[in-house]
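Geometric and topological summary
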Amino acid sequence: MGKLKKRGNVAAFSRRICVSLALAACFLASGGTGTHIDTYAAESSVIESVSITFKSTYGEPEEIIDPEITAGGGSYSIGDIQYRTEYEKWKPGKKVRVEITLVAEDGKYFPVSLNRSKCKVSGAEYVSAKALDDSSLQVKVDYKPVTVLGTTEKAGWSSRSKKKASWKSVSDAPGYTLTLYGDDKVVKRLNVETNSADLSEYMTDLDKTYYYEVKAVPITSEQKKYLKEGAYVTSTDQEFDWDDYQREEARTQTPGDGGAVKGDSYVLPDGSRAVNSWKKIGETWYYFDGAGNKAKGWVLDGPTWYYMDQNGAMQTGWLDLGNGAKFFLNSDGAMLTGWIQPAPGTWYYMNQDGYMQTGWIQVDGKSYYLNGDGTMAFNTTVDGRPLGPDGAALQ
């Protein structure tokens, strides 16, 4: 291939010399007026520019269809198309190198190369355009496959919290749109980048029946170029029983009952002590256990874990118990599991027991790498494995 290309370049150079000499002769013959030169230039056999168009087609959800590739101009046509990535490995938005061979018509030939302005590519990204020989030009481009996002197979609620929505991840989905309903009326719409959402601040009326609709969506303007949002899926209903109602009442009531803290107990006006109940004293929540004492350390109330310090005060935010045991407690004190985002753009993963994870982890069939401080790595390479913008390993 290299020798063939070299011979083609020499031939092209020789032709240019002949053309130059012919132009000079015409110029002298015309007395220097240039009339014959203009006429000859218009009849030049050099293909000075080409254009290629990629037309993407969206098929069924999660289906990737080959693009339709056409070439403009009547002096050349497409001779061969080669994809350098196996079709089975195509991913939406991930570049696929495409090599297109253009063939010149008889009597026409290509220059040694064409730059971006002379080789116009639409629907893909120009890489290079170089002659293989006089009559063929190889154009290299990067194409991003497109697809419609799929629908989740399961939408329900966390077994650890009745107010935490949880659904099965959709392949290649960078985010989701969730609409929460209470008694068939919209309560809240929000976008999330994980397959779960804490809805406790919106599910405040335990007499209502709640459910949500969720669909996979692109998040950024770049993602919207190659992804189309999926279809909504409706979750199972979430209803609350009497125990839930009692716990909620205990969590939201204030000590307007005439009681007072005495030592480690909360004593009511009739002399009895509060047991298995929450009390907000000032701006701090305390939990009084079955013996009527301030709980300290971990407290399990219903399906949710809370942590009380040595004074019995409920903790929120990051909790570091030493020896690498770190947890994250929501603003209502609830220990969180799964993916969390304490600050915009910073992700951590807490296992089913609430422990912050580091190193390589597997979540829903995808590999992620968490730095030593627990933050998710993305758009980089770790241990020779590239990580995408969503943190998932690309291979």
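Everything discussed here concerns the structure shown above.
Below or above, wherever it landed, is the structure these notes cover. Here the residue index of a chain counts from 1 through its sequence in written order. In keeping with the predicted nature of the model, local features appear solely for residues at pLDDT of at least 70, side-chain atom pairs appear and are counted solely at 80 or more, and the whole-chain, interface and lining totals rest on all residues. Only hydrogens and water are removed before side-chain values are computed, so all heavy atoms of the structure are retained for them.

Remarks on the layout of surface pockets
Just so we agree on the cut-off: Cavities and pockets are defined on a 1 Å grid built over the protein atoms alone: a cavity is a set of grid points where a 1.4 Å probe fits but cannot escape, while a pocket is an open set with protein on both sides within 12 Å along at least five of seven lines, and lining residues are those with an atom within 4 Å of any such point. Grid points are joined across faces, edges and corners, and a volume is the space filled by probe spheres set on the points. Where helices and strands are cited, they refer to DSSP runs of H or I of at least four residues and of E of at least two residues respectively, numbered from the N terminus. As a working rule, the residues Ala, Val, Leu, Ile, Met, Phe, Trp, Tyr, Cys and Pro are called nonpolar, Asp, Glu, Lys and Arg charged, and the rest polar, with Gly in that last group.
In this structure, the largest pocket spans a volume of roughly 1,300 Å³. Taken together, 42 residues form the lining of the largest pocket, with Ala173, Lys366, Pro389, Asp390 and Ala392 sitting closest to its centre. If you list the elements that add at least two residues to the lining of the largest pocket, you get strand E27 (359–363) and strand E28 (366–370). When residues of the lining of the largest pocket are assigned to their parent elements, the largest contribution, 3 residues, is made by E28. Taken together, the residues of the lining of the largest pocket break down into 18 nonpolar, 12 polar and 12 charged.

Digging into unusual backbone geometry
With the exception of glycine, the majority of residues adopt a negative phi angle, and the majority of peptide bonds are in the trans configuration. Phi angles above zero are rare outside glycine, and Asp172 is one such case at about 70°. Note that Asp172 resides in the loop between strand E10 (164–167) and strand E11 (175–182). A positive phi is found at Asp183, a non-glycine position, where the angle reads about 50°. By the element assignment, Asp183 lies in the loop between E11 and strand E12 (185–192).

Concerning empty space enclosed by the protein
Applying the stated criterion across every chain, the model contains 1 cavity of 30 Å³ or more. Space inside the largest cavity adds up to approximately 30 Å³. Around the largest cavity sit Gly150, Thr151, Thr152, Val170, Tyr176, Val214, Lys215, Ala216 and Ala231, which together line it. Considering each element in turn, the lining of the largest cavity owes the most residues, 3 residues, to strand E14 (residues 210–217). The residue inventory of the lining of the largest cavity, partitioned by class, reads 5 nonpolar, 3 polar and 1 charged.

A look at the pattern of salt bridges
Threshold: One speaks of a salt bridge when a side-chain nitrogen belonging to Lys or Arg is within 4 Å of a carboxyl oxygen belonging to Asp or Glu. Whether a residue is buried, partly exposed or exposed follows from its accessible area with a 1.4 Å probe, protein chains only, as a fraction of its type maximum: under 20%, in between, or over 50%, in that order.
Evaluation of the coordinates by the stated rule reveals 10 salt bridges. Arg97 is the salt-bridge partner of Asp142, the closest N and O atoms lying 2.6 Å from each other. Here the residue Asp142 occupies a position in strand E7 (residues 136–143), and Arg97 occupies one in strand E4 (residues 96–104), the gap between them amounting to 45 residues. A salt bridge links Asp264 to Lys296, with the nearest nitrogen and oxygen atoms 3.7 Å apart. Taken together, the residues Asp264 in the loop between strand E17 (260–262) and strand E18 (265–267) and Lys296 in the loop between strand E20 (284–288) and strand E21 (297–301) connect sequence positions 32 residues apart. Take Lys296: its relative accessible area is 45%, and that puts it in the partly exposed class. A network of salt bridges, in which partner residues are shared, links Lys144, Glu222 and Lys225.

Regarding the sheet that holds strand E13 (residues 196–198)
Strand pairing within a sheet occurs via backbone hydrogen bonds; the two strands may be parallel or antiparallel. Threshold: Strand pairing is assigned whenever DSSP identifies at least 2 bridges connecting the two strands. Throughout, an axis means a line fitted to C-alpha atoms (over the contacting stretch in the case of helices), and angles, computed between N-to-C directions, take values from 0 to 180 degrees.
In space, the 3 strands of this open sheet follow the order E9-E10-E13, with antiparallel pairing throughout. Of all the strands in the sheet, the pair left with one neighbour each is strand E9 (155–157) and E13. Going from strand to strand, the sheet's axes swing by 20° on average, the running direction of each strand aside. Summarising the sheet, E9 and E10 pair through 3 bridges and their orientation is antiparallel. For Gly156, the partnering residue across the bridge sits in E10 and is Ser166.

Some details on the environment of Lys280
The topology assignment puts Lys280 in strand E19 (residues 277–281). Lys280 sits in the partly exposed class, given a relative accessible area of 25%. As a C-alpha pair, Lys280 and Pro255 span 25 residues in sequence and 6.4 Å in three-dimensional space.

Things to note about the packing of aromatic side chains
Put simply, the rule is: Aromatic rings from Phe, Tyr and Trp, taking only the six-membered ring of Trp, are treated as a pair when their centres fall within 6.5 Å; an angle between ring planes under 30 degrees marks them as stacked, one over 60 as edge-to-face, and anything in between as tilted. As a reminder, the over-ring test applies to NZ of lysine and CZ of arginine, requiring each to be within 6 Å of the ring centre and within 35 degrees of the ring normal.
Tallied over the entire structure, the rule returns 21 aromatic pairs. Centroid distance Tyr210 to Phe240: 6.3 Å. Interplanar angle 80°. Geometry classified as edge-to-face. One end of the pair, Tyr210, is in strand E14; the other, Phe240, is in the loop between strand E16 (233–234) and helix H3 (242–252), with 30 residues separating them in the sequence. Like Phe240, Tyr210 is buried. Relative to Tyr307, the ring of Trp298 has its centre 5.0 Å away and its plane inclined at 75°; by these criteria the two rings are edge-to-face. We classify Trp298 as partly exposed; its relative accessible area is 31%. An aromatic cluster is built from Trp298, Trp305, Tyr307, Phe327 and Tyr355, whose rings are joined through pairwise contacts. Geometry around Phe240 places Lys163 over its ring, the cationic atom sitting 5.9 Å from the centre. One residue, Lys228, lies across the ring of Tyr58, its end atom 4.4 Å from the ring centre.

Let's talk about the side chain of Thr179
Just so we agree on the cut-off: Contacts were defined at the residue level, with two residues in contact if any of their heavy atoms lie within 4.5 Å.
With respect to the helices and strands, the residue Thr179 is situated in strand E11. If we skip the residues at most four places from it in the chain, Thr179 touches Val186, Lys188, Arg189, Tyr211, Tyr212, Glu213 and Tyr232.

Keep in mind that these numbers describe shape and distance, not what the molecule does.
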